[in-house]
Amino acid sequence: MTEPDHRADPATDGPLTVVLADDAVLLREGVRSLLVDEGIEVLASVGDGEALLTEVDRLRPRVAIVDVRMPPTHTNEGLLAALRIKREHPDVGVLVLSQYVAREYASELLSTEMPGIGYLLKDRITEIDSFLRAVHDIATGGTVIDPAVVRALLRNPEQQKALSRVTPRELEVLESMAEGLSNRGIAERLFLSLSTVEKAISAIFDKLELTGDEQTSRRVQAVLRYLDDERSSS
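Residues numbered from 1 in each chain as written. Predicted model: local features only at pLDDT ≥ 70, side-chain atom pairs only at ≥ 80, totals over all residues. Heavy atoms only, no water.

**Student:** Account for the overall build of the protein chain, with residues named and values stated.
**Tutor:** Summing up its helical and strand segments, the protein chain has eleven helices and six strands in all. Within the protein chain, the proportion of its 234 residues that are buried is 48%. Across the protein chain, contacts joining residues at least 24 apart in sequence account for 66% of those joining residues at least 6 apart. Surface accessibility of the protein chain: about 11,500 Å² in total, with carbon and sulfur atoms responsible for 49%. (Helix = DSSP H or I, 4+ residues; strand = E, 2+ residues; numbered from the N terminus. Buried < 20%, exposed > 50% of the residue type's maximum accessible area, 1.4 Å probe, protein only. Contact = heavy atoms within 4.5 Å. Areas by Shrake-Rupley, 256 points an atom, 1.4 Å probe, with all protein chains shown as cover.)

This is the structure:
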């Protein structure tokens, strides 16, 4: 019998397919069950980076969900696997999960400026709706960054210098942008009018001197600017 071909294009309306990698069996199975209950097809569930790469090569899921630290050294094997996936299969979305805020990991991953990338703390898995929304967003080329990571980056002295022209309200808007919220979603969260949010975003772009076109999201550039600064100052 011929094995079914799960190689869906992320831009299509095909099934949302995932390959999951985490060496903690209980967590891995918990996430797998959560995804399956949502109707997401988990094509493979593995415990190390090499197995992840093998399954992504073989199955070409729409999203790979990856723990940062996996065997054999439990340092950055998952991150290295995620970076390799984006290089070799740019159409596959990557969601990296981390136990702690690791600014250097977030910087290295997100500074690739490729579509379909996310970095979340594992605690976010318990926020089921937000976690599932992040998986769906990444599958369609979105970028999702944990707000705790953004806050950590903004506390860095170099980031504070770069943000000196941005108001506190605009920083709140920027953090919400990093979470992948639409303008309307930001307005609802911050109790602002839609026009106020649009003006704040425009001001952020102007103050950070960001340019963009239909193919390049300045929303992503605004966050990546801080990540790039952190990487160069570390």
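Read on, since the account is not over.
**Student:** Tell me about the packing of helix H9 (residues 183–190) against helix H10 (residues 194–207), and please be specific about residues and values.
**Tutor:** Where H9 meets H10, the axes come as close as 9 Å, and the angle between the chain directions of the two elements is 110 degrees. One way to sum up the angle between H9 and H10 is to call them roughly perpendicular. Relative to H10, the crossing made by H9 is right-handed. On H10, the residues touching Asn183, Arg184, Ile186 and Ala187 of H9 are Leu194, Val197, Glu198 and Ile201. Residue composition of the contact of H9 with H10, by class: five nonpolar, one polar and two charged. (Axes fitted to C-alpha atoms, helices over the stretch in contact; angles between N-to-C directions. Parallel < 35°, antiparallel > 145°, perpendicular 65-115°, else oblique. Left-handed = near helix turned anticlockwise from the far one by under 90°. Nonpolar A, V, L, I, M, F, W, Y, C, P; charged D, E, K, R; others polar.)

**Student:** Account for the side chain of Ser98, naming residues and giving values.
**Tutor:** By secondary structure assignment, the location of Ser98 is in strand S4 (residues 93–98). Residue classification places Ser98 among the buried residues on the basis of a relative accessible area of 7%. Non-local contacts of Ser98, meaning those with residues more than four positions away in its chain, are made with Val68, Tyr119, Leu120, Leu121 and Lys122.

**Student:** Explain the nonpolar core residue by residue, including any values.
**Tutor:** Val19, Leu52, Ala64, Ile85, Val96 and Leu109 are the most contacted members of the largest nonpolar core, which has 24 residues in total. Mapped by element, the contributors of at least two residues to this core are strand S1 (17–21), strand S2 (41–46), helix H2 (49–59), strand S3 (63–67), helix H3 (77–88), S4 and strand S5 (117–121). At five residues, H3 tops the list of elements feeding residues into this core. Within the second largest apolar cluster, 21 residues are counted, among which are Ile40, Val63, Leu97 and Val144. (Core = buried A, V, L, I, M, F, W, Y, C linked by side-chain atoms within 4.5 Å.)

All we've got here are geometric facts, nothing functional implied.
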